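So the chains spell out like this:
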Amino acid sequence: MANLKEIRSRITSVSSTMQITSAMKMVSAAKLKKAQDAITAMRPYSEKLTELIQGLSASLEGDVAAKYTTQREVKKVLVVAITSNRGLCGALNSNVLKQVKVLSEKYGHDNVGVFAIGKKANDGLHKTNFVIANRSDVFDDLTFENVAQIAESLTHLFMDGEYDKIELVYNQFKNAATQVVVTEQFLPLAPIQGDASTAADYIFEPSKVEIVMELIPKSLKTQLYKAVRDSFAAEHGARMTAMHKATDNATELRNQLKLTYNKARQAAITGEILEIVGGAEALNS
């Protein structure tokens, strides 16, 4: 059994850890509320805009939106891996890295490039995958304008023919305890599901073509911004949950150490009493 000094030192260490994890949990809980409100408010707009774009693109004749919708033979694929800049959030980042590796095996390792959004994506993939860029700085000032710049860069890579397909891999926020890794096609635009004739119910001003060419870039920027926002909310939810569990584990360990300390202390006192009694009996005899 460890001596009393060692046990006291461990109790102090565990208590300090418990204070840190508890503080991190409260910080993440505060940030989660704001991030959750932002992604919850944004989802309906993003989904409706995507639905509208798909319907309009499918109803157009000719090659008006061809540069966004052309389905080329997939030879080169760009995977946009969205993770956090910091750890201590459970398996949040490792799940994204695993999915990127699955896609690498699917398309062929030499045919896949990685665009990292988040420091953990760059750190985890730069040795095994061809990382063409790292934009972990976007989380320092998470605004639509900053994400829109990344969306424009990705769009140019597709239009210039450097990549035939671009996919997003990120954690979709469900609730504080649940984050789901999703793979979402960014470019080319996915074909509409169902009947494309519903777009004929609208009256277009100034024209259908002008509206489509204006909305498609905006839709792509919104789609990427939603993915980054989803990942940001998922990060704080995962960290809050992870720190909650860590605090509970630290509390349990501290209680066990205190029990061990009390038992060791009682054993030491009992040993000292026995030594005194033994010495007294020896003097009397």
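I will try to describe carefully the structure that is included in this document.

Definitions and cut-offs
Position numbers for residues count from 1 along each chain, tracking the sequence in the order it is written. Under the rules for a predicted model, residues below a pLDDT of 70 receive no local features and side-chain atom pairs below 80 are neither given nor counted, while totals for whole chains, interfaces and linings still include all residues. The basis for every side-chain value is the complete set of heavy atoms in the structure, and neither hydrogens nor water enter the calculation. Runs of H or I in DSSP of at least four residues are treated as helices and runs of E of at least two as strands, each being numbered from the N terminus. Just to be clear, the radius of gyration here is over C-alpha atoms, and the globule rule we use is 2.2 Å times residues to the power 0.38. We call a residue buried when its accessible area falls under 20% of the maximum for its residue type, exposed when it is over 50%, and partly exposed in between, using a 1.4 Å probe and counting protein chains only. Any two residues having at least one pair of non-hydrogen atoms within 4.5 Å are treated as being in contact. Calculation of accessible area relied on Shrake-Rupley with a 1.4 Å probe; when residues are assessed, cover is drawn exclusively from the protein chains displayed. We treat Lys and Arg as the positive residues and Asp and Glu as the negative residues; His and chain ends play no part in the count. Here the site of a charge means NZ on Lys, CZ on Arg, CG on Asp, or CD on Glu. Among the buried residues, those of types Ala, Val, Leu, Ile, Met, Phe, Trp, Tyr and Cys that are joined through side-chain atoms within 4.5 Å form a nonpolar core. Note: two strands are recorded as paired if DSSP finds a minimum of 2 bridges between them.

Looking only at helices and strands, the chain features 6 helices and 5 strands. Going residue by residue from the N terminus, the α and β elements of the chain occur as α-α-β-α-β-α-β-α-β-β-α. At 28 Å, the chain has a C-alpha radius of gyration far larger than the 19 Å of a compact globule built from 285 residues. The principal-axis extent of the C-alpha atoms belonging to the chain is close to 115 × 40 × 30 Å. Out of the 285 residues in the chain, the part that is buried amounts to 39%. Put simply, of all contacts in the chain between residues at least 6 apart along the chain, 79% involve residues at least 24 apart. When the accessible surface of the chain is split by element, carbon and sulfur atoms take 53% of a total near 15700 Å². When the 34 basic and 32 acidic side-chain charges of the chain are each reduced to a single mean position, those positions are 8 Å apart.

Ile-82, Ile-117, Leu-154, Phe-186 and Leu-224 are the most contacted members of the largest nonpolar core, which has 47 residues in total. Looking at this core, the elements that each hand over two or more residues are α1 (4-59), β1 (77-82), β2 (112-117), α5 (144-159), β4 (165-175), β5 (178-187) and α6 (208-284). A total of 14 residues in this core trace back to one element, the largest contributor, which is α6. Excluding its chain neighbours within four sequence positions, the residues that come into contact with Leu-224 are Ile-82, Ile-117, Val-147, Ile-150, Ala-151, Leu-154, Leu-168 and Phe-186.

Side-chain direction in a regular strand flips from residue to residue, so the side chains alternate between the two faces of the sheet. Bridge count for β4 against β5 is 9 bridges, and the pairing is antiparallel. What sits directly across from Glu-167, in β5, is Gln-185.

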